[in-house]
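Topology and contacts: notes
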Amino acid sequence: MIRGPAKETMHPRNRFREGYDFERLIRSSPALGAFVRPNAYRDESIDYADPFAVKALNRALLKDAYGLATWDVPGGYLCPPIPGRSDYLHYLADLLAEGGSKIPRGRAVLALDIGVGANCIYPLIGASEYGWRFVGSEVDPAALGWAKKLAASNPSVADLIECRRQAFAMECFKGVVETGEVFDVSMSNPPFHASAAEAKAATQRKRRNLGAAKSSVNLRNFGGQARELWCPGGELAFVLRMIAQSLEVREQFRWFTTMVSRSAHLPRLHRALREVKATGVKTIDMAQGQKQSRILVWTFMEAPR
């Protein structure tokens, strides 16, 4: 049995921590077989510069690990790495378990995914792994429609996921969070870049690193839409806005969280959290191999339950 490389830096509960069993994945999802071949280290792998290969791997992983038989993204939308997205959810489960005897499971837990995207990946995995309910917000009508279709196409989680249109592009909570609604946690994976030019340059670097320059695959529509990749002011401005707006709904959330890709942004973000008088703040480090990231967490509760 040939497996992909182990990823010991992942969360202990991550189903992909020991790598990929390609033989089993192919048995479950035969279409993946067309893309699997030995890499430079003679391990079975795929060409991660090929968007069709990445989609095929994602479909196989979601089916094998979570029983999600239907998944896809339209051309040009972000195709997320499944193991990394899973890690975020596992760390949120740990966060919600603090002070308790076990990880919370079941529909009593309600999470808000800010910017659910066409891939709907966090609600699909979170509902499958933990049985949580999710509200996913989205500005892009086409992405919203696709996310709704994905949720409805997977009966095991369909009644746990609700996707709502965010009509105000600069708002994180207003227009989505309903009066009297109480969430256990919010989550977000903000756009990294501050401009279209910056996002394009980063995408080109990524493609070069993946060897896409040598590939015959057409990558024109691979990598994400504008709103998925950049926003005015980039990640820092997005999270600062989220922090300011979280104050307005502070009594409706147990925890607020967001991914932060650049550690250099943390001092400014922590200062903003002091300014809004957050009562609890922490940073959770994450890593997938060489890639380092972190989750910024805050609350306004005196004693988070």
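Notes on the structure in this doc start here. (Residues numbered from 1 in each chain as written. Predicted model: local features only at pLDDT ≥ 70, side-chain atom pairs only at ≥ 80, totals over all residues. Heavy atoms only, no water.)

This part covers the overall build of the protein. The secondary structure content of the protein amounts to nine helices and nine strands. When each of the 305 residues of the protein is scored for burial, the buried share is 51%. Relative to all contacts within the protein whose residues are 6 or more apart in sequence, the contacts with residues 24 or more apart total 68%. For the protein, the accessible area works out to roughly 14,300 Å², and carbon and sulfur atoms hold 53% of it. (Helix = DSSP H or I, 4+ residues; strand = E, 2+ residues; numbered from the N terminus. Buried < 20%, exposed > 50% of the residue type's maximum accessible area, 1.4 Å probe, protein only. Contact = heavy atoms within 4.5 Å. Areas by Shrake-Rupley, 256 points an atom, 1.4 Å probe, with all protein chains shown as cover.)

With mixed pairing, the seven strands of this open sheet are ordered in space as E5-E4-E3-E6-E7-E9-E8. Strand pairing shows two members of the sheet lacking a second neighbour, strand E5 (161–165) and strand E8 (280–288), which therefore form its edges. Between one strand and the next, the sheet's axes are offset by a mean angle of 20 degrees, whatever the strand orientation. Bridge count for strand E3 (residues 110–114) against strand E6 (residues 183–188) is four bridges, and the pairing is parallel. When the sheet's bridge partners are listed, Asp113 is paired in E6 with Met187. The strands touched by helix H4 (residues 121–130) within the sheet are E3, strand E4 (133–138), E5 and E6, with E4 carrying the most contacts at an inclination of about 180 degrees. (Pairing = 2+ DSSP bridges. Axes fitted to C-alpha atoms, helices over the stretch in contact; angles between N-to-C directions.)

Next up on the list: unusual backbone geometry. For Arg42, which is not glycine, the phi torsion reads 65 degrees and is therefore positive. Note on placement: Arg42 falls in the loop between strand E1 (37–38) and strand E2 (44–45). A residue is classified by how much of its surface remains accessible, and Arg42, at 76% relative accessible area, is exposed. You will see that Cys120, though not glycine, has its phi angle at about 50 degrees, which is positive. When you line up the elements, Cys120 lands in the loop between E3 and H4.

With that settled, consider the packing of aromatic side chains. Throughout the structure, instances matching the rule amount to twelve aromatic pairs. Among the aromatic residues, those joined into a cluster by ring pairs are Phe173, Phe183, Phe253, Phe256, Trp298 and Phe300. In this structure, Lys149 packs its charged tip against the face of Trp146, placed 3.6 Å from the ring centre. The ring of Phe168 is capped by Lys174, whose NZ or CZ atom sits 5.6 Å from the centre of that ring. (Phe/Tyr/Trp six-rings, centres within 6.5 Å; stacked < 30°, edge-to-face > 60°. Lys NZ or Arg CZ within 6 Å of the ring centre and 35° of its normal.)

With that out of the way, let us pick up the pairing of E4. Counting buried residues along E4, five of its six residues qualify, which places the element largely inside the surrounding structure. One ladder, built from five bridges, connects E3 with E4; its direction is parallel. Within E4, the position partnered with Leu112 by the bridge is Val135. Handedness of the crossover joining E3 and E4 through H4 is recorded here as right-handed. Relative to E5, E4 runs parallel, the two being bridged by five bridges. Counterpart to Gly136 in the pairing with E5 is Cys163. (Right-handed = clockwise from strand over helix to strand, strands pointing away.)

The nonpolar side chains of a soluble globular protein tend to be buried, and buried together. Residues Leu32 and Trp132 are the most contacted members of the largest nonpolar core, which totals 56 residues. The element best represented in this core is helix H2 (residues 51–66), accounting for nine residues. Contact partners of Trp132, with chain neighbours within four places excluded, come to Leu89, Leu92, Ala93, Leu96, Pro104, Arg105, Gly106, Val109, Gly126, Ala127 and Leu160. Listed in part, the 26 residues of the second largest apolar core include Cys172, Phe256, Leu266 and Leu296. (Core = buried A, V, L, I, M, F, W, Y, C linked by side-chain atoms within 4.5 Å.)

So, on to the environment of Arg107. Tracing the backbone shows Arg107 in the loop between helix H3 (82–97) and E3. Sequence-wise, Arg107 and Phe134 are 27 residues apart; in three dimensions their C-alpha atoms are separated by 9.0 Å. If we ignore the near neighbours within four places in the chain, the residues touching Arg107 are Gly131, Arg133, Asp159 and Leu160.

Distances and angles like these do not, on their own, reveal function.
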